[in-house]
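Fold and contact review
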Amino acid sequence: MFEALAESLRRSTVQIFGRRHGTGSGVIWSTGGLVVTNAHVIDGRDCMVETHDGRKLEAVLVKRDPRRDLAVLRVSPDAPWHPAIIGDSQNLRVGQIVLAIGNPLGISGAVTTGIVHATSRKEWVQADIKLAPGNSGGLLADAEGRVIGINSMIYMGLALAVPSHAVTRFLARALAGARAA
Amino acid sequence: MANSLIEYSNALADAVARGGTVVVAVHARERMASSGVLWRPGVVVTADHTIKREEEITITLPDNRNVPAILAGRDPGSDIAVLKVDAAGASAAISAPHSSLQAGSMALALGRRGENGIAASLGVVSAVSGPWRTWRGGQIECFIRPDVNMYPGLSGGPLIDVEGRVLGINTPALTRNLPVTIPAATINRVTDELLAKGHIARGYLGVGLHPVQFPDGRGGLIILSVEREGPAGLAGILIGDVLLTLDGKPVADTEDVQGHLAGDSVGKAMKASLLRGGQALDLTITPGERPRGGR
């Protein structure tokens, strides 16, 4: 029942080779070539991004915020490029369905499903969903396929994602800074 | 398909919202609060093992009011504790009919974390079977195993169906590793008795027993110790007797004996068949009420 949604979200998910060991996930955020991921997925300034259909692209780090565990990369996309649709992470309901797409343990485009666990902490989307380390930087989406968070960590079995509205704020700051520099 | 997924998502969120109107946070231990259910007007039920202090207990109601609670009674045997609260205006749980319990049914575990609102995890009813007795001697009407993640703070909270109706309360303390759901029928019975008496009466005989097997394959229980003033002692049972039947039913292990010692056994005479020095002997024993605090 999640097939169509998973397929379209997979197109907006990339695998990131940003560290010497292991890989993470990233989300295609804009038509302009921006990719959002976790800060802890990226070691240096440059990395490789692999799209769902296996194209490898060079990426440049635009901004990294270890405190919020967010990073934004820029690539120059060649042909098909599918930015995610960004949802509203500030009006979530406990119990609503969520999907995560990522590359846990090297399996690309893996989908897991669950629900919003609680809305008690503004700084995180807390989800009752199974994640593994390679999900880091990947998307958490609602039942309409809109991205509501970036999966960042697993705490006592619970998935914690940076809410998409926090990502939007981070991007506004990062891009303003990038232009000024 | 996309639309049905959205409907399904909304239905689950609605179920949580509906079920959440009877879920409270129970502050009766250090660090994280546990959860409880407004079972009846002014009555909260929670998992007994989460009650670490008997005084100064407070409850966070679904509307975020914090109110004091009085411990009305606790039954470690079934891991149920009952609290009384002044919760005017709060609703009370609607429990699902027994027939709706089926392995494979979708279910949600709910909890409340202080004033931070409701928490939920999704899964299914994993297994349903008949009555069972816990390792602490409590009688449970029906075995329900939920397949849900029991995150910290969810203990004592309800398992609900997708209509938002309460199936029972969840506890990880009655079985090893995995949680079980204490069914509504057990909660109703135990709550009635705790509100009336403050504790759950259990029968006792005042003997120490060990299983033995005769060469012909029959089993029995040899008496290893007798409390002189206990029910068995007063009935004339001696060390070395072998208990064969109670109320005409064979007893081969201590579990069988426990089955004869429910709360309603107290004060009701029963026939005991024994062997003493190879000779059959019938005695009448009247179970007493187990002293509180003892086992």
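Residues numbered from 1 in each chain as written. Chains lettered and ligands numbered in written order. Predicted model: local features only at pLDDT ≥ 70, side-chain atom pairs only at ≥ 80, totals over all residues.

Turning our attention to the overall build of chain A. When helices and strands are counted, chain A shows 2 helices and 13 strands. For 181 residues, the compact-globule formula gives about 16 Å, and the C-alpha radius of gyration of chain A, at 15 Å, lands near that figure. Taking the principal axes of its C-alpha atoms as reference, chain A extends roughly 40 × 35 × 30 Å. Sequence separation of at least 24 residues holds for 60% of the intrachain contacts in chain A that already meet a minimum separation of 6. (Helix = DSSP H or I, 4+ residues; strand = E, 2+ residues; numbered from the N terminus. Rg over C-alpha atoms; globule rule 2.2 N^0.38 Å. Contact = placed C-beta atoms within 7 Å.)

Let us look at the overall build of chain B. Across its full length, chain B carries 4 helices and 22 strands. On the principal axes, the C-alpha backbone points of chain B span a range of 75 × 45 × 30 Å. Taking all 295 residues of chain B together, the buried fraction comes to 43%. (Buried ≥ 20, exposed ≤ 12 C-beta atoms within 10 Å, placed from the backbone.)

The next point concerns the pairing of strand E10 (residues 125-128) of chain A. Residue and element names in this part refer to chain A. Neither face of E10 is left uncovered, since the one carrying Val125 and Ala127 and the one carrying Gln126 and Asp128 both have all their residues buried. Pairing of strand E9 (residues 110-118) with E10 involves 3 bridges; the strand directions are antiparallel. Across the sheet, Ile115 pairs through a bridge with Asp128, a residue of E10. Taken together, E9 and the strand that follows it, E10, pair antiparallel across an intervening segment of 6 residues. Here E10 runs beside strand E13 (residues 158-163); their pairing, made up of 3 bridges, is antiparallel. Within E13, the residue paired with Gln126 across the bridge is Leu160. (Pairing = 2+ DSSP bridges.)

Here is a general trend for soluble globular proteins: nonpolar side chains tend to be buried in one another's company. Ranked by internal contacts, the top residues of the largest apolar core, which has 114 residues, are Val35, Val98 and Leu139 of chain A together with Val37, Val44 and Ala120 of chain B. When residues no more than four places from it in sequence are discounted, the contact partners of Val44 of chain B are Val24, Gly36, Val37, Leu38, Trp39, Ile59, Ala69, Leu83 and Val85 of chain B. Ile237, Val242, Met270 and Leu274 of chain B belong to the second-largest nonpolar core, a separate cluster that totals 18 residues. (Core = buried A, V, L, I, M, F, W, Y, C linked by C-beta atoms within 7 Å.)

Tallying the contact residues gives 20 residues for chain A and 22 residues for chain B. Contributing elements (two or more residues each) for the side of chain A that touches chain B: helix H1 (3-11) and E9 of chain A. Here the residues of the side of chain A that touches chain B are counted per class, giving 10 nonpolar, 7 polar and 3 charged. (Nonpolar A, V, L, I, M, F, W, Y, C, P; charged D, E, K, R; others polar.)

Right, let's get into the sheet that holds strand E3 (residues 34-37) of chain A. Around the barrel, 6 strands lie side by side as E1-E2-E3-E6-E5-E4 (chain A); this closed barrel has antiparallel pairing. Between one strand and the next, the sheet's axes are offset by a mean angle of 40°, whatever the strand orientation. (Axes fitted to C-alpha atoms, helices over the stretch in contact; angles between N-to-C directions.)

Averaged over every residue, the pLDDT of chain B is 92; the share at 70 or more is 98%. With pTM at 0.86, the complex prediction returns an ipTM value of 0.91. (pLDDT = per-residue confidence, 0-100.)

Once that is clear, we can look at the sheet that holds strand E5 (residues 66-75) of chain B. All names here are of chain B. Pairing is antiparallel in the closed barrel, where 6 strands are placed in the order E1-E2-E3-E6-E5-E4. Taken over all neighbouring pairs, the strand axes of this sheet differ in orientation by 40° on average, direction set aside. Examined bridge by bridge, E5 and strand E6 (residues 80-85) share 6 bridges and lie antiparallel to one another. Residue pairing across strands places Gly73 opposite Val82, the latter belonging to E6. Across the face of the sheet, helix H2 (residues 184-197) comes into contact with strand E2 (34-40), strand E3 (43-47), E5 and E6 while running at roughly 95° to E5.

A separate point is H1 of chain A. All names here are of chain A. Those residues of H1 not exposed but buried are Leu5, Ala6, Leu9 and Arg10. Viewed along the axis of H1, the buried residues span an arc of 130°, placing them on a single side of the element. Structural note: H1 exposes Glu3 and Ala4 on the side pointing more than 90 degrees away from its buried face. (Arc of directions from axis to C-beta.)

This part is about the environment of Arg173 of chain A. All names here are of chain A. Of note, Arg173 is situated in helix H2 (residues 164-180). Residue classification places Arg173 among the exposed residues on the basis of 12 C-beta atoms within 10 Å. Residues Arg173 and Lys63, spaced 110 residues apart in sequence, show a C-alpha to C-alpha distance of 9.3 Å.

Moving on, we get to the environment of Gly77 of chain B. All names here are of chain B. Along the polypeptide, Gly77 turns up in the loop between E5 and E6. Through-space distance from the C-alpha of Gly77 to that of Val251 is 22 Å; in sequence the pair is 174 residues apart. Those residues in contact with Gly77 that sit more than four places away from it in its chain are Thr134, Arg136, Gly137, Gly138 and Ile200.

Residue and element names in this part refer to chain A. In the sheet, strand E4 (residues 46-50) pairs with strand E5 (residues 56-65) via 5 bridges, with the strands oriented antiparallel. Within E5, the residue paired with Glu50 across the bridge is Lys56. Connecting E4 to the antiparallel partner E5 that follows it, the hairpin turn spans 5 residues, and Gly54 within it adopts a positive phi of roughly 90°. For E5 and strand E6 (residues 70-75), the ladder comprises 6 bridges, and the chain directions are antiparallel. Following the sheet pairing, Ala59 is matched in E6 by Val75. Here E5 hands over to E6 after 4 residues, with Asp69 in that stretch at a positive phi of 55°.

For the rest of this paragraph, the subject is unusual backbone geometry. Residues other than glycine seldom take positive phi values, yet Asn64 of chain B does so here, at roughly 75°. You can call Asn64 of chain B exposed: it has 12 C-beta atoms within 10 Å.

Attention shifts here to H2 of chain B. Residue and element names in this part refer to chain B. The terminal C-alpha atoms of H2, which comprises 14 residues, lie 20 Å apart, in line with the 20 Å expected from a rise of 1.5 Å per residue. All buried positions along H2 are accounted for by Ala184, Thr186, Ile187, Val190, Thr191 and Leu194. The arc that holds the buried residues of H2, viewed along the axis, is 145°, so those residues lie on one side. Those residues of H2 that are exposed and angled more than 90 degrees off the buried face are Asp192, Ala196 and Lys197. Just downstream of H2, Gly198 is the residue with a positive phi angle, here 85°. (Expected span 1.5 Å × (residues − 1).)

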